[in-house]
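# Remarks on the overall topology
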Amino acid sequence: MNRSAATSGGNTAMRVARLLGMVIVCMAIYACFIPQIMATLNPLTGDEPFYVMTVFSLVQDHDIDERNNYDQLDYHLLYPADPLPADWRGWTGFPRTLPPHPAHSVRPGLYSKHGFGVVLLITLPYLIAGRLGAILLLNLVAALVAVNIVLLARRYGQGWGVACLLAIPCVFANPLMSYAYLIFPETFAALAIIYTFRRSREPANNGWQWFGIGCALAILPWLHARFIPAVLGLIAILASGWLRERNWGYRLAGLLPPAIAAVALLAYYLYIYGQPFPSTQDHAGFNTPPWIINAAFGLFLDEQWGLLIHAPIYLLATLGLGALWRSRKTDLWAILTVVLPYLGLVAFYRVWWGEWGPAARYLAPIVPLAIAPIACWARTIRPRAAIAIVAIFGVPGLLIMLGFLADPQLMYNQPDGMNQLFATWAAHFGWEWPKVIPSFQPYALSPFGLRGSWSAALLLITVGLILAGWLQAKNVARGSLADRSESGRPHDR
């Protein structure tokens, strides 16, 4: 009994040490590029300065009315000297006046339309070490996402080594690595979603795990209202496990954080908007049905903002959907329950690409779940073959991320239909980048024929890969049954 307990304790300690080592390695790799990011993506751009302005208001005035902070030009704290230093490497065409992003509030004053959850998470690190503190927090959260990716891969029978190799093309490519440096809600949401999903697939959770699930569900709507469909999907796949839990203390650990956060969020919306939900006027509008379809394909295929254009590794997830369909139907339905409502809402946005930011911004919170089908598929073939195929699909994304890290400003694109990184690479070799990849965003919309042909090709490839994954999993299952039947026969004597 004592020997068993000692063995169990030793295994737990080894597991914790292994996971801690992964976090340290990932953070070290991310941190290597922090000086380059801070030097070239300076001053803060996109939505980032607006989160920091709310931090200023919260710390200086103990409120969230930012009118006086803009009147006092507090945003000058985020800007370099004028004129720019001789060795300046950052943005050069930025405006010296920061126009606010106000919510359509019923209250007097100026309130940010951006999620208050990001502000709550970055305030202390920002106070301690400024932008560097916020980036280090984001690096830590991204490293925790990486650990959860590895752990989710192991659920499908992968060993530690193979699970880590499968994770590398996801962890160190866009969008996960890009947003590991930027003050956006995406990285925080990615951790909350993958952790909650992973725990939902386990047969049981202890009190601390239920509390972690509860906190993850609690923070997601505070990060942005667009995560509410994903939260509802996560609740749906958690419900049976929560109802089976006999320990009411564990049940409360999972229930109280999201319940309290939901009540607080309703109070926040009532305070800001005078209604229990945010104003639709805070967004740039919504698509009609034909444009929803256009956006759905653009999320994956757009030259400037498409996920698969910047990280082809995620195409392998379609192979895994077939494998999940054959061997883990409950996991397949769980993924679809979380992902599809969220994708539907994002495609409904008129500005589905997220405007000024790296590619696949709105997909960053859910792409870590792709490791589940990828790992499930990889189990149906020889490990070396799986790693080789993952490398073939993963290397382009890693190279693109290296291009971004060499010149981080190339992560950002004007909506002109031309991918700045690809055009820069072409110019380096004296080529002209051909317009062969379609643009789906309306400011530089490609002809319908080009968009339609790429979309149809993606549909055909997706269907083909799903069927291939299903057949491969079926053959593996049939072979396993045959092996068991053969081994059960008495040997001839």
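Up top is the structure.
This structure is a prediction, so every number in the text was calculated from the model and none was measured.

### So, a nonpolar patch on the surface
A surface patch of nonpolar side chains, amounting to about 500 Å² of accessible area, comprises Trp-248, Leu-252, Leu-255, Leu-256 and Ile-260. Along the chain, Ile-260 turns up in helix H10 (residues 248–273).

### Remarks on the nonpolar core
One finds Tyr-181, Phe-197, Leu-220 and Tyr-314 to be the most contacted residues of the largest nonpolar core, which totals 153 residues. Broken down by element, this core gets its largest block of residues, 19 residues, from helix H5 (residues 116–154). Not counting chain neighbours up to four residues away, the residues in contact with Leu-220 comprise Ala-189, Ala-192, Ile-193, Phe-227, Val-231 and Leu-234.

### A look at the layout of surface pockets
By volume, the largest pocket amounts to about 970 Å³. Forming the boundary of the largest pocket are 45 residues, of which Asp-47, His-101, Lys-113, His-114 and Glu-355 lie nearest the centre. For the lining of the largest pocket, the secondary structure elements donating two or more residues are helix H3 (48–61), helix H8 (207–223) and H10. Among the elements that take part in the lining of the largest pocket, H10 stands out by supplying 5 residues, more than any other. Residues belonging to the lining of the largest pocket are distributed by class as follows: 28 nonpolar, 11 polar and 6 charged. Its volume calculated, the second largest pocket comes out at about 810 Å³. Phe-300, Thr-318, Leu-321, Val-339 and Leu-343 are the residues nearest the centre of the second largest pocket, which is lined by 27 residues in total. Mapped by element, the contributors of at least two residues to the lining of the second largest pocket are helix H11 (289–301), helix H12 (307–310), helix H13 (316–327), helix H14 (329–348) and helix H18 (448–487). The greatest single-element share of the lining of the second largest pocket, amounting to 7 residues, is contributed by H14. Across the lining of the second largest pocket, the residue classes tally to 24 nonpolar, 3 polar and no charged.

### Notes on helix H17 (residues 420–428)
Of all the positions in H17, only Leu-421, Phe-422 and Ala-426 are classed as buried. One side of H17 holds all its buried residues, which, seen down the axis, span an arc of 135 degrees. Relative to its buried face, H17 has exposed residues pointing more than 90 degrees away, namely Ala-427 and His-428. For H17, the N-terminal cap is Asn-419; the gap from its side-chain oxygen to the backbone nitrogen of Leu-421 is 3.0 Å. Positive backbone phi, approximately 75 degrees, marks Gly-430, located one or two places after H17.

### Quick look at empty space enclosed by the protein
Evaluation of the coordinates by the stated rule reveals 3 cavities of 30 Å³ or more. Estimates place the volume of the largest cavity at around 80 Å³. Lining the largest cavity are 13 residues; nearest its centre among them are Ala-142, Val-145, Leu-176, Thr-187 and Ala-190. When contributions to the lining of the largest cavity are tallied by element, the ones reaching two or more residues are H5 and helix H7 (186–200). No other element matches the 4 residues that H5 contributes to the lining of the largest cavity. Here the residues of the lining of the largest cavity are counted per class, giving 11 nonpolar, 1 polar and 1 charged.

### Focus on the side chain of Thr-196
Within the secondary structure layout, Thr-196 lies in helix H7. Given the relative accessible area of 0%, Thr-196 is considered buried. Here Thr-196 is in contact with Ile-213, Ala-216, Leu-217, Leu-234 and Leu-238, once residues within four sequence places are set aside.

### Section: the environment of Ala-189
With respect to the helices, strands and loops of the structure, Ala-189 is situated in helix H7. On the basis of relative accessible area, Ala-189 is assigned to the buried category, the value being 0%. A C-alpha to C-alpha distance of 18 Å links Ala-189 and Leu-151, two positions 38 residues apart in sequence. Once residues within four sequence positions are removed from consideration, Ala-189 is found in contact with Leu-220, Leu-223, Phe-227 and Pro-365.

Each value, and the rule that gives it
- Each chain has its residues counted from 1, following the order in which its sequence is written.
- Owing to the predicted nature of the model, reporting of local features is limited to residues with pLDDT of at least 70; listing and counting of side-chain atom pairs is limited to 80 or more, with chain, interface and lining totals taken over all residues.
- Note: side-chain values were computed over all heavy atoms of the structure, leaving out hydrogens and water.
- Nonpolar side chains (Val, Leu, Ile, Met, Phe, Trp, Tyr) are joined into patches within 5 Å and like charges within 9 Å, using only residues with over 30% relative accessible area and no salt bridge.
- Exposure was quantified through the Shrake-Rupley algorithm and a 1.4 Å probe, taking into account, for residues, occlusion by the shown protein chains and nothing else.
- We count a salt bridge whenever a side-chain nitrogen from Lys or Arg sits within 4 Å of a carboxyl oxygen from Asp or Glu.
- Strands are runs of DSSP state E lasting at least 2 residues, helices are runs of H or I lasting at least 4, and numbering of each runs from the N terminus.
- Only buried residues count toward a nonpolar core. Its members are Ala, Val, Leu, Ile, Met, Phe, Trp, Tyr and Cys residues joined through side-chain atoms within 4.5 Å.
- Burial classification: accessible surface area is computed with a 1.4 Å probe over protein chains only, and a residue below 20% of its type maximum counts as buried, one above 50% as exposed, and the rest as partly exposed.
- Working rule for contacts: check all heavy atoms of both residues, and any pair within 4.5 Å makes them a contact.
- The rule is simple: put a 1 Å grid over the protein atoms alone, call a set of points where a 1.4 Å probe fits but cannot get out a cavity, call an open set with protein on both sides within 12 Å along at least five of seven lines a pocket, and count a residue as lining if it has an atom within 4 Å of a point.
- Grid points are joined across faces, edges and corners, and a volume is the space filled by probe spheres set on the points.
- Lys, Arg, Asp and Glu make up the charged group, whereas Ala, Val, Leu, Ile, Met, Phe, Trp, Tyr, Cys and Pro make up the nonpolar group; the residues left over, Gly among them, are polar.
- Regarding the arc, it is the one traced by the directions from the helix axis to the C-beta atoms.
- Polar contacts here mean pairs of N or O atoms no more than 3.5 Å apart (in protein, one a potential hydrogen donor and the other a potential acceptor; neighbouring residues in sequence count only if both atoms are side-chain atoms).

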